[in-house]
Every structure is written in structure tokens, then in C-alpha cells.
Amino acid sequence: MLVLWEAQFGDFVNGAQVMIDQFITSGEDKWIRQCGLVMLLPHGYDGQGAEHSSCRVERFLQQIDEDSDVYPDMNRDTRTQIQTTNFQVVNCTTPANYFHVLRRQIHRDFRKPLVVVSPKSLLRDKRCTSTLDEMAEGTSFHRVYGEVDSKIKDAGEKVRRIVFCTGKVYFDLVAKRTELNIDDIAIVRIEQLAPFPFDKVGKQLSLYPNADVVWAQEEPKNMGAWSYIDRRITTTAREGGKEIFPKYVGRAPNAATATGLGLKAHNAEQESLLIAALTK
């Protein structure tokens, strides 16, 4: 049975934090009881203010019991990484990937809690679409989506920057890149934040050997996935024999999850981080 719990907005998960901390994220470790609960927590910055933007994804990522400095066994057959991690966090940017992550959740022969952090706005975004073929036989969940523009994807050594991101901000970055006529920056979506896809991220790094690395997010610096992603990208690069320290691009540290000064302030902040990710 697939059990899903949905918050009207991800922010409302605050009221369930005690249950999450005591039972969902730690229950298997404390009582050897597996849990397959799916939590659907709308998360994304659309200018709706501090109470309707963030599910506090950083809280979930902080509780992942995976060592950020150790490159794990990524053998797909043994599935060691997911078996030894306490739960999963994903931010799907396509209907097909959302379908596949739910399908994977129910068809596995073991159970792990799953947190899905995706904004409601993508439900009506014409850029966020999938074909039926992407959900047909032989298809599966993508932990990472690489660059989709073939000219950039095949540019290899000519690419000067890789922008890693997750969720809705991907579409804003692509639109801004097109507007600025930039053809030497690859944009990579991390769809599964936890357990971290070390192998897939490593493959993306190897495609663009001369590129610097940026992590772009909508959340303030003291929130979102930055503190979780930072060390893991460095660990991935070291496994491939390189020393890479990603640069942060996003909102400045803040007490509130998002500005309460209205849509104009939100749009100004969003524009600033998009420009910084692609030009600075």
C-alpha cells in the first residue's frame, strides 16, 4: 500500500515536526521498523511570502545519516547506499520523474520514507511536461538530469561553468540563459537530493573538465540544500581526482524563509540570483 500525506503548503509541516523527528526519520534505527510513508510538501519560491514558500527542506537534509565526506558504494545491484540511508528527499521537475519515484516507492522490496518537495506552480507550467513514452516500459526514475541542450552538452572542454540546482529554479535559469544568449554554461538538475547521487554528479563533472562549479538555489544561504550539497560535491570530485569547491549562488542568509515585502521584492531577489549564477 502506498500512503501519502500532503501538506497544503510545505511550510505547514512545522506542525508535524515532532512526529517526523521521533518516528519517521529515526524509527528504523531505533526500533528496526521500516516505514514507506510519502510526504508531499509543496516547496518553491513564487513570491507568496514566508509562510507559503518553504517546507524547510534543510531540516530533512540535516537528518540524513550519510557521511558527506565518504564516497559510498554505488553498486546498483547491491543497493547499499539506499539500504543504509534513513530516508529519501526528491525534488521532481517532470511528471515522468514524479510518476517513477512513486512507482519505485511501492515496488521496492523494502521501505524507506520519501519526502517530495515540489512547488504547486509546476502543475500548470507548460515547460514542465512529459510524454507517455517517458513513463512506458523500460523507463525509470532519473536521480539527475544532465544538460538537455545538445550544443552545450557536447561542448565538453569549452563549457566554462556547471550550474547545479534542484527544483523549479531550473526553468528560470534556462530561460535567463536563453535571454542572455549564453552557450557555454551547463545546467544540471539534481532530482534526488538524498541519498546523494554521487555517481551521477561525478559523471556530470567529468563531462566538463574545465568548468567551475556553482550551486544555485532560491532559498537563503542558511536554508535550502546548500550546506548539504557543498561537501558532497567536493567529495564526488575528489573521487575523480579533482579538487572542486562549489560556489554558492542564492539569497543571503535570512531569519525568514522568504521576503514578506511583496512580489516586487521577490522578483528583484530572483533576478539577482539568476544573473549571478550565469554571469558572475
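Not measured: the values here are computed from a predicted model.

Novice: What is the right way to look at the environment of serine 26 in this model?
Specialist: Relative to the elements of secondary structure, serine 26 occurs in the loop between helix H1 (17-24) and helix H2 (27-31). With relative accessibility at 18%, the residue serine 26 sits in the buried group. Put simply, serine 26 and isoleucine 64 are 38 residues apart on the chain and 9.7 Å apart in space, counted from C-alpha to C-alpha.

Novice: Could you clarify how one ought to interpret the pairing of strand S6 (residues 161-165) in this entry?
Specialist: In the case of a regular strand, side chains alternate between the two sheet surfaces. With 5 of its 5 residues buried, S6 lies for the most part within the structure. Because side chains alternate across S6, one face comprises the buried residues Arg161, Val163 and Cys165, and the other comprises Ile162 and Phe164, equally buried. Remark: the S6/helix H7 (residues 169-179)/strand S7 (residues 185-190) crossover connection has right-handed handedness. Sheet topology places S6 next to strand S9 (residues 212-220); 4 bridges connect them, and they run parallel.

Novice: What is the right way to read the packing of aromatic side chains from this model?
Specialist: We describe a pair of aromatic rings using the distance from one ring centre to the other and the angle between the two ring planes. In the structure shown here, the tally under the stated rule is 7 aromatic pairs. Aromatic side chains phenylalanine 23 and tryptophan 31 sit 5.6 Å apart centroid to centroid with 35° between the ring planes, which places their arrangement in the tilted category. Put simply, the rings of Tyr71, Phe196, Phe198 and Tyr228 touch in pairs and so form one group of aromatic residues.

Novice: Mind showing me how you'd approach unusual backbone geometry here?
Specialist: Most peptide bonds take the trans configuration, and most residues that are not glycine carry a negative phi. Of note, the amide linkage connecting alanine 194 to proline 195 takes the cis form, showing an omega dihedral of -10°. On the secondary structure map, proline 195 appears in the loop between strand S8 (192-194) and helix H8 (198-207). The phi torsion at arginine 56 lies on the positive side, around 60°, for a residue other than glycine. Along the polypeptide, arginine 56 turns up in the loop between strand S2 (38-40) and helix H3 (57-62). The phi dihedral of asparagine 181 is positive, around 55°, even though this residue is not glycine. Along the chain, asparagine 181 turns up in the loop between H7 and S7.

Novice: Got a minute to help me understand the sheet that holds S9 in this structure?
Specialist: Strand-to-strand pairing in sheets goes through backbone hydrogen bonds, with the strands running parallel or antiparallel. Pairing in this open sheet of 5 strands is mixed, and the strands run S5-S7-S6-S9-S10 from one edge to the other. The sheet is open, and its two borders are formed by strand S5 (144-145) and strand S10 (247-251), each paired with just one other strand. Along the sheet, H8 contacts S5, S6, S7 and S9; its crossing angle with S6, the most-contacted strand, is approximately 160°. Contacts from helix H10 (residues 263-279) reach S6, S7, S9 and S10 within the one sheet, and its direction differs from that of S10 by about 165°.

Novice: Help me out: how do you make sense of H8 in this one?
Specialist: Among all positions of H8, only Phe198, Val201, Gln204 and Leu205 are buried. The buried side chains of H8 occupy one side of the element, clustering within an arc of 130° when seen end-on. Structural note: H8 exposes Lys203 and Ser206 on the side pointing more than 90 degrees away from its buried face.

Novice: Help me understand the side chain of lysine 176, please; the structure alone is not making it clear to me.
Specialist: Mapped onto the elements of the fold, lysine 176 is located in helix H7. For lysine 176, a relative accessible area of 6% gives the class buried. There is a polar contact of 3.2 Å between the side chain of lysine 176 and the side chain of glutamate 179. Ignoring sequence-local partners within four residues, the contact set of lysine 176 consists of Glu271, Leu274, Ile275 and Leu278.

Novice: Explain a nonpolar patch on the surface to me, please; I cannot follow it from the model alone.
Specialist: Nonpolar side chains collect at one region of the surface, where Val18, Met19, Phe23 and Trp31 lie side by side and expose about 450 Å² of accessible area between them. No other element matches the 3 residues that H1 contributes to the nonpolar patch. Checked against the element boundaries, methionine 19 lands in helix H1.

Novice: Honestly, the nonpolar core in this entry has me stumped. Any pointers?
Specialist: Among the nonpolar cores identified, the biggest contains 44 residues, and Leu41, Phe60, Val89, Phe164, Leu193, Trp215 and Ile229 are the most heavily contacted of them. Elements represented by at least two residues in this core include exactly H1, H3, S6, S7, S8, H8, S9 and helix H9 (226-239). Apart from the residues lying within four places of it in its own chain, the contact partners of phenylalanine 164 are Val188, Ile190, Val201, Gln204, Leu205, Val213, Val214, Trp215, Ala216 and Ile233. In this structure, Cys165, Ile187, Leu273 and Ala276 belong to the second largest nonpolar core, which totals 19 residues.

Reading the values: the criteria
Residues numbered from 1 in each chain as written. Predicted model: local features only at pLDDT ≥ 70, side-chain atom pairs only at ≥ 80, totals over all residues. Heavy atoms only, no water. Helix = DSSP H or I, 4+ residues; strand = E, 2+ residues; numbered from the N terminus. Buried < 20%, exposed > 50% of the residue type's maximum accessible area, 1.4 Å probe, protein only. Right-handed = clockwise from strand over helix to strand, strands pointing away. Pairing = 2+ DSSP bridges. Phe/Tyr/Trp six-rings, centres within 6.5 Å; stacked < 30°, edge-to-face > 60°. Contact = heavy atoms within 4.5 Å. Axes fitted to C-alpha atoms, helices over the stretch in contact; angles between N-to-C directions. Arc of directions from axis to C-beta. Polar contact = N/O pair within 3.5 Å; in protein donor to acceptor, adjacent residues only side chain to side chain. Patch = residues over 30% accessible without salt bridge, like charges linked within 9 Å, V, L, I, M, F, W, Y side chains within 5 Å. Areas by Shrake-Rupley, 256 points an atom, 1.4 Å probe, with all protein chains shown as cover. Salt bridge = Lys/Arg side-chain N within 4 Å of Asp/Glu carboxyl O. Core = buried A, V, L, I, M, F, W, Y, C linked by side-chain atoms within 4.5 Å.

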